[in-house]
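Next come the chains, spelled out residue by residue.
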Amino acid sequence: MTKQFETLSVAALTAQALEVKEVAGIPFLVLDGVQNTKSLERFLPKPQRRSGCTYVQDQDGFITIFNRYKNDDSTMVYADRKKGVFNAVFNDHSPQDTGWCDHVCVYSCEKSNEWKAWLNKDGVKMTQEEFAQFIEQNLVDIVDPSSAHMLAISRELVARKSANFSSFIRLSNGSHQFSYDEDIKGSTKSGKLKVPETFKIRIPVFLNDACYGINARLRCRIKEQSLQMWYELIRPHNVYEDAFNEIHAIITEATGMELVNADC
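About the cut-offs
Residues numbered from 1 in each chain as written. Predicted model: local features only at pLDDT ≥ 70, side-chain atom pairs only at ≥ 80, totals over all residues. Heavy atoms only, no water. Pairing = 2+ DSSP bridges. Helix = DSSP H or I, 4+ residues; strand = E, 2+ residues; numbered from the N terminus. Contact = heavy atoms within 4.5 Å. Axes fitted to C-alpha atoms, helices over the stretch in contact; angles between N-to-C directions. Parallel < 35°, antiparallel > 145°, perpendicular 65-115°, else oblique. Left-handed = near helix turned anticlockwise from the far one by under 90°. Nonpolar A, V, L, I, M, F, W, Y, C, P; charged D, E, K, R; others polar. Phe/Tyr/Trp six-rings, centres within 6.5 Å; stacked < 30°, edge-to-face > 60°. Buried < 20%, exposed > 50% of the residue type's maximum accessible area, 1.4 Å probe, protein only. Lys NZ or Arg CZ within 6 Å of the ring centre and 35° of its normal.

A. How the structure looks around the sheet that holds strand 14 (residues 211–223). Pairing is antiparallel in the open sheet, where five strands are placed in the order 8-15-14-13-9. Whereas interior strands pair on both sides, the edge strands pair on one side only; in this sheet they are strand 8 (126–127) and strand 9 (142–144). Bridge analysis of strand 9 against strand 13 (residues 198–204) gives two bridges, and the strand direction is antiparallel. Note that in strand 13 the partner of Asp144 across the bridge is Lys200. Sitting on the sheet, helix 3 (residues 113–120) is in contact with strand 9, strand 13, strand 14 and strand 15 (226–233), with an inclination near 145 degrees to strand 13.

B. Broad picture of the environment of Gln57. By the element assignment, Gln57 lies in the loop between strand 4 (52–56) and helix 2 (59–69). Residues Gln57 and Leu207, spaced 150 residues apart in sequence, show a C-alpha to C-alpha distance of 9.3 Å.

C. Highlighting the packing of helix 4 (residues 128–137) against helix 5 (residues 147–159). Contact geometry for helix 4 and helix 5: axes closest at 8 Å, N-to-C directions at 150 degrees. As the angle between them shows, helix 4 and helix 5 are arranged roughly antiparallel. Note on packing geometry: the crossing formed by helix 4 with helix 5 is left-handed. From helix 4, Gln128, Phe131, Ala132, Ile135 and Glu136 reach across to helix 5, where they touch Met150, Leu151, Ser154, Arg155, Leu157 and Val158. Considered class by class, the residues forming the contact of helix 4 with helix 5 number seven nonpolar, two polar and two charged.

D. Structural context of the sheet that holds strand 7 (residues 103–108). With respect to topology, five strands assemble into an open sheet ordered 4-7-6-5-16, the strand pairing being mixed. The strands lining the two open edges of the sheet, one partner per strand, are strand 4 and strand 16 (260–261). In terms of strand pairing, strand 5 (residues 76–80) meets strand 16 through two bridges, oriented parallel. Bridge pairing in strand 16 places Ala79 opposite Asn261. Along the sheet face, helix 2 touches strand 4, strand 5, strand 6 (85–89) and strand 7 and points at about 165 degrees away from the line of strand 7.

E. Molecular detail of the pairing of strand 13. In the sheet, strand 13 pairs with strand 14 via seven bridges, with the strands oriented antiparallel. Pairing of Thr198 across the sheet is with Arg217, part of strand 14. Here strand 13 folds back onto strand 14 in antiparallel fashion, the turn holding six residues, of which Asn208 has a positive phi close to 60 degrees.

F. Focus on the packing of aromatic side chains. Tallying each qualifying case throughout the model produces 11 aromatic pairs. Aromatic side chains Phe134 and Tyr231 sit 5.7 Å apart centroid to centroid with 20 degrees between the ring planes, which places their arrangement in the stacked category. Pair noted here: Phe134 is in helix 4 and Tyr231 is in strand 15, with a separation of 97 residues, a long-range link. Each member of the pair, Phe134 as well as Tyr231, is classed as buried. Ring centres of Phe206 and Tyr240 lie 5.5 Å apart, and the angle between their planes is 65 degrees; on these two criteria the pair is classed as edge-to-face. On the criterion of sequence distance, the pair formed by Phe206 in the loop between strand 13 and strand 14 and Tyr240 in helix 6 (residues 236–255) is long-range, its members being 34 residues apart. The residues Phe206 and Tyr240 share a single accessibility class, namely buried. Here a set of aromatic residues connected by ring pairs shows up, and it is made of Phe62, Phe86, Tyr107 and Phe244. Against the face of Trp230 rests Lys125, its NZ or CZ located 4.6 Å from the ring centre.

What follows is the structure, given as structure tokens:
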């Protein structure tokens, strides 16, 4: 619409002998034949129907919006477990009628910082110093062995960063023991470093959600007398499924809807 018409009401436009046509209760200004029209709905006291998308940040917000706008005949809720998205469509198609499907509410389950930190380093080989730094930065997430025990291991790794590692064995209790030689003030000192084979973390999958336990295998390799270390999370996809299913169950109960699993 040209600027000269922007502040005029529908009645004023009609009074100026400009052609205004109404379609389904919405007035349109005909500027240059039927090929050039402009909707005047924004000049009406209120929209003729609800539309638009509301993006909420948690499941409580999703449930609140759902209960406010739900319609027994045309409301549907779709759940996309691959993307972690819930999508409520308030004017969906119904068995009796068609719908515009453009009045929606979307809850995209944001992954927690802890989940992203541990998944990003899953299977990534690190120097012993890099591994020690990562453990110290995320120490609060480790529940077994104790955080104090893992802190002691990480500090020992930093202290032995210049040592030459020669071999390792697997002990009967499942831990790994490394043999190393270290040059201290011109003399060689031999020692052993023991690390657990597995450890367990407890973190939320989604932001502000419950915590879940995940087991991890600690992997080590001696390469050119240096120690490489990394971890491998054990079936993290199962933990993700559990977390998503928990939110799925909460929304199902709170809305009273049978959710449809689909791409959103």
